[in-house]
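Structural overview for review
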Amino acid sequence: RRRWVEVYGWAVAILAAGLLASAGAAWWTWEDAEHHADLAFARMADRTARQVAIRFQMPLYGLNGAKGAFAAYPNIGRLGFRAYFLSRDMPREFQGVRGFGLIERVQRADLASFLARERIDAAPDFSIRHLGNTSHDDLMVVKYIETTRPNPLPYGLDLGSEPTRR
């Protein structure tokens, strides 16, 4: 019996040591993999955050460029607005942006003169369309718009007539 304990005792001790070493190695490997996964996730999250920030900044460049065009040429007009955005590669420069526009606040009392000016400015069929409530003293009219996709343009749309957009 003593011989059995001596022979198998060592075997059990070696087995236990091997199991402990294996468990330690497995734990270390798991921790190392977790650490690398956390680092990879943090890198991807940072890169994604930078890309999102850039995507939100890009339209500002287009808007600031249009603002500069209006500052340089206050009477730029519809054709000048269009020429500015046609000079840009909108799908490439402003990925995800559907278009740029100018909305003008127009007092209801000034509506007739506003319509006359717009019709003279290369839009002979310019008219006002409403989405809902027409009781406000002012309108928020889409005056100019350039889009990246072909769709019916909302020139003359009173965005202020819809409560959420107002």
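For clarity, every value in this text was computed on a predicted model and none was experimentally measured. The residue numbering used here restarts from 1 in each chain and proceeds along that chain's sequence as written. Residue-level local features of this predicted model are given only where pLDDT is at least 70; pairs of side-chain atoms are given and counted only at 80 or more, and the full residue set underlies all totals for whole chains, interfaces and linings. In computing side-chain properties, one takes all heavy atoms of the structure into account and sets aside hydrogens as well as water.

**Looking at the packing of aromatic side chains**
Side-chain rings of Phe, Tyr and Trp, where Trp is taken by its six-membered ring, are said to pair if the distance between their centres is within 6.5 Å; with planes under 30 degrees apart they count as stacked, over 60 as edge-to-face, and otherwise as tilted. Here the structure, examined in full by the defined rule, presents eight aromatic pairs. For the pair F70 and Y144, a centre-to-centre distance of 6.3 Å together with 20 degrees between the ring planes defines the contact as stacked. Placement of the pair is F70 in helix α1 (residues 2-72) and Y144 in strand β3 (residues 138-147), with a sequence separation of 74 residues. Only protein chains enter the area calculation, which uses a 1.4 Å probe; residues under 20% of their type maximum are buried, those over 50% are exposed, and those in between are partly exposed. Its relative accessible area of 5% is what places Y144 among the buried residues. Ring centres of F114 and F126 lie 5.9 Å apart, and the angle between their planes is 75 degrees; this geometry places the pair in the edge-to-face category. Of this pair, F114 sits in helix α4 (residues 111-120) while F126 sits in the loop between α4 and β2 (129-130); the two residues are twelve residues apart in sequence, bridging distant segments of the chain. Neither residue differs from the other here; F114 and F126 are each classed as buried. Through successive ring pairs, a cluster of aromatic residues spans F70, F81, Y84, F85, F94, F100 and Y144. Whether a charge lies above a ring is judged from NZ of Lys or CZ of Arg, which has to be within 6 Å of the ring centre and within 35 degrees of the ring normal. Geometry around Y155 places R78 over its ring, the cationic atom sitting 5.3 Å from the centre. Secondary structure is summarised from DSSP: a helix means a run of H or I of at least four residues, a strand means a run of E of at least two, and numbering begins at the N terminus for each.

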